[in-house]
Amino acid sequence: MNHIRVQQEDFDVSAELAQMRLCSKEIGAIACFVGVVRDFNEGTAVATMELEHYPGMTENSIRLIVDEAMQRWQLLGARVIHRIGRLSPSDQIVFVATSSLHRGDAFASCEFIMDYLKTRAPFWKKELSPQGERWVDSRSDDVLAAQRWRD
Amino acid sequence: MNHIRVQQEDFDVSAELAQMRLCSKEIGAIACFVGVVRDFNEGTAVATMELEHYPGMTENSIRLIVDEAMQRWQLLGARVIHRIGRLSPSDQIVFVATSSLHRGDAFASCEFIMDYLKTRAPFWKKELSPQGERWVDSRSDDVLAAQRWRD
Amino acid sequence: MIKVLFFARIREQLATTELEIDFLAQTQSIALLRQQLVADRGESWAQVLGAENVIVAVNQTVVSDSHSLSDGDEVAFFPPVTGG
Amino acid sequence: MIKVLFFARIREQLATTELEIDFLAQTQSIALLRQQLVADRGESWAQVLGAENVIVAVNQTVVSDSHSLSDGDEVAFFPPVTGG
């Protein structure tokens, strides 16, 4: 029902959604999110990006986030894919999809998973621009976004 | 930048998202929604479903909804596809995707477009089950969902 | 001439997809147009077109019963929408 | 033995991906482990590992400085996460 992958290769959203639809005939709504490498980050041209992660902990922390979403909302499935390694502008980085009977639960849980993933899953981005390498700073907006979900 | 289609044929989410990513190198976030034909609706087995629409008004009303979303949030693009005609359980019915610099605007606008589409775009579903034909009733939940967005 | 369209359940109940009606003093508002259609077509139309949740659009924009009509307008009667 | 991992900026600043350290009385908490690492490796490690926003995980769960350690634990030091 749930599916979590950390991989170097790109993913095919249509194929992922098709897999998701196969899981349950009750699905009426699928919310999904795709994160994309941006060309500009705080004014610096980004040539490529390198994504580091903590193998094992990454998958476990995503699993915990998804489990929490399943407890909060009525979901029929969740899929998360996060890419690692070298990525270029316009590349897909992350995919989150949640399925439900109705769209309210799908939208809320998809945004919740993204907000928590951004603050809890051990991934780190390094930008490799013509000016050199730069570790991306964490965004206070992301911390605030995750805090919204506290009871 | 925006793209609206009403069509009988199925759609390929990956291809739509790829088109969307081509529109702007600034895109960092894409929120998307896929509506799916459910096998059961209020306890009745659904064999197939027939979607009727008001040609012309349908496209215009979706365009107005998308324009309103573009005014409310900072978006880099929006795509809406709605299928018509005969559909079966697990078929995709509707696709909405919005792209933005950051995910907050993408999520909110995607849900807004779906909520408004559900109450303002002239489509009507008829279920064709072994028990006969039945026009689907509008849901009060959908009216409430759309009202949330009023200022 | 006013073009009148019917959709979904209303189209089936009236067994009518589309009709044209002369633009007259009697059809200068939605309320008057409805009265004229009932006068022409019979009491069963009163029930269908007068039902509480019937939506009316003129030139593809939803309007209220007091909306004025002009020659050449396209009027549509339909039930609450259920797409998406 | 305790396995200690370093990630991202911290890994680069310390030029160390992974090390092993004997499990001793001196390493029974994160705070004590950090002191021991600084004692072994020098003052530059104090700055990097003592920076305000350093996150510590034990056996892949984020913990506070007072967390107790057991023989065989996996400890990781890393900066705030920036995935997604």
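Our subject is the structure that appears above.
With that settled, consider the relation of the copies chain A and chain B. Overlaying chain A on chain B yields an RMSD of 0.0 Å, the required transformation being a rotation through 180° with an accompanying axial translation of 0.0 Å. Look at the turn and shift together and you get a two-fold axis relating the two. When you check the interface residues of chain A against chain B, 100% turn up at the interface there too, and the contact is symmetric in its surfaces.

What follows concerns the interface of chain A and chain B. Of the residues lining the interface, 35 residues belong to chain A; the matching set on chain B comes to 35 residues. In this assembly, chain A packs against chain B so that about 3200 Å² is buried in total across both faces, 53% of it on carbon and sulfur atoms. A per-residue breakdown of the area chain A buries against chain B is headed by Arg21(A), Arg103(A) and Phe107(A), which together make up 24% of the total. Summed over the shared surface of chain A and chain B, the result is 20 residue pairs in polar contact (both at pLDDT 80 or more). For the side of chain A that touches chain B, the elements supplying multiple residues, two or more each, are helix 1 (13-23), strand 2 (29-36), helix 3 (103-120) and helix 4 (140-147) of chain A. For the side of chain A that touches chain B, the per-class residue count stands at 16 nonpolar, seven polar and 12 charged.

The subject of this paragraph is the environment of Leu87(A). Residues and elements named next belong to chain A. Residue position: Leu87 is located in strand 7 (residues 85-87). A residue is classified by how much of its surface remains accessible, and Leu87, at 0% relative accessible area, is buried. Other than its neighbours up to four places away in sequence, Leu87 contacts Val37, Thr48, Met49, Leu51, Gln92 and Ile93.

Counted under the stated rule, the structure contains 38 salt bridges over all chains. Note that Asp142(A) and Arg103(B) form a salt bridge whose closest N and O atoms lie 2.9 Å from each other. Of this pair, Asp142(A) sits in helix 4 while Arg103(B) is found in helix 3 (residues 103-120), placing the two residues in two different chains. Here Asp142(A) matches Arg103(B) in class, with each residue buried. Overlapping salt bridges, with partners in common, bring together Arg103(A), Glu111(B), Asp115(B), Arg139(B), Asp141(B), Asp142(B) and Arg148(B) in one network.

End to end, helix 2 (residues 30-41) of chain D covers 16 Å across 12 residues, agreeing with the expected 16 Å (1.5 Å per residue, within 8%). Remark: Gly42(D) follows helix 2 of chain D within two positions and exhibits a positive phi of approximately 110°.

Here the focus is unusual backbone geometry. Even without being a glycine, Ser90(B) presents a positive backbone phi close to 75°. Notably, Gln60(C) is not glycine yet its phi reads approximately 70°, a positive angle. Its place among the elements puts Gln60(C) in the loop between strand 3 (55-58) and strand 4 (61-63).

Counting 71 residues, the largest nonpolar core has Ile62(A) and Ile62(B) as the members making the most contacts within it. Not counting chain neighbours up to four residues away, the residues in contact with Ile62(B) comprise Ile4(B), Val6(B), Val80(B), Leu117(B), Ala121(B) and Phe123(B). Met20(A), Leu17(B), Leu76(B) and Ile81(B) belong to the second largest nonpolar core, which has 26 residues in total.

Attention now moves to the pairing of strand 5 (residues 74-78) of chain C. All names here are of chain C. The element strand 5 is largely enclosed, with a buried count of five among its five residues. The alternating pattern of strand 5 places Glu74, Ala76 and Phe78 on one face and Val75 and Phe77 on the opposite face, and all of these are buried. Relative to strand 5, strand 1 (residues 2-6) is paired through four bridges, and the arrangement is parallel. Directly across from Phe6, in strand 5, lies its bridge partner Phe77. Judged from the four bridges that link them, strand 3 and strand 5 form a sheet pairing that is antiparallel. For Ala57, the partnering residue across the bridge sits in strand 5 and is Ala76.

Listed by partner, the interface residues are 27 residues for chain A and 18 residues for chain D. Counting the surface chain A buries against chain D, the share from its top three residues, Tyr54(A), Trp124(A) and Trp135(A), is 38%. If you look at where chain A meets chain D, you find three salt bridges. Between Arg11(D) and Glu52(A) there is a salt bridge whose closest N-O contact spans 2.4 Å. On the surface where chain A and chain D come into contact, there are 14 residue pairs in polar contact (both at pLDDT 80 or more).

A few words on the arrangement of the chains. Here the protein chains form three pairs of chains in contact, of which the pair with the most contacts is chains A and B. Here chain A and chain C are not in contact; the least distance found between their C-alpha atoms is 10 Å. A gap remains between chain C and chain D, which never touch, and the nearest two C-alpha atoms on either side lie 29 Å apart.

All names here are of chain A. Counted under the stated rule, the structure contains 26 aromatic pairs over all chains. Where Trp73 meets Phe112, the ring centres are 5.2 Å apart and the plane angle is 65°; that geometry is what we call edge-to-face. Remark: Phe112 occurs in helix 3 and Trp73 occurs in the loop between helix 2 (57-72) and strand 6 (77-83); sequence separation between them is 39 residues. Relative accessible area serves as the criterion here: at 15%, Trp73 is assigned to the buried category.

So, on to the sheet that holds strand 1 (residues 2-6) of chain D. Residues and elements named next belong to chain D. Read from one edge of the open sheet, five strands run 2-1-5-3-4, paired in mixed fashion. Edge positions in the sheet fall to strand 2 (18-21) and strand 4 (61-63), since each has one partner strand and no second. Pairs of neighbouring strands in the sheet enclose a mean axial angle of 30°, with direction left out of account. Sheet strands touched by helix 2: strand 1, strand 2, strand 3 (55-58), strand 4 and strand 5 (74-78). Its angle to strand 2, the strand with the most contacts, is close to 105°.

Cut-offs applied
Residues numbered from 1 in each chain as written. Chains lettered and ligands numbered in written order. Predicted model: local features only at pLDDT ≥ 70, side-chain atom pairs only at ≥ 80, totals over all residues. Heavy atoms only, no water. Least-squares fit on C-alpha atoms with pLDDT ≥ 70 in both. Contact = heavy atoms within 4.5 Å. Buried area = accessible area lost by both parts, 1.4 Å probe. Polar contact = N/O pair within 3.5 Å; in protein donor to acceptor, adjacent residues only side chain to side chain. Helix = DSSP H or I, 4+ residues; strand = E, 2+ residues; numbered from the N terminus. Nonpolar A, V, L, I, M, F, W, Y, C, P; charged D, E, K, R; others polar. Buried < 20%, exposed > 50% of the residue type's maximum accessible area, 1.4 Å probe, protein only. Salt bridge = Lys/Arg side-chain N within 4 Å of Asp/Glu carboxyl O. Expected span 1.5 Å × (residues − 1). Core = buried A, V, L, I, M, F, W, Y, C linked by side-chain atoms within 4.5 Å. Pairing = 2+ DSSP bridges. Phe/Tyr/Trp six-rings, centres within 6.5 Å; stacked < 30°, edge-to-face > 60°. Axes fitted to C-alpha atoms, helices over the stretch in contact; angles between N-to-C directions.

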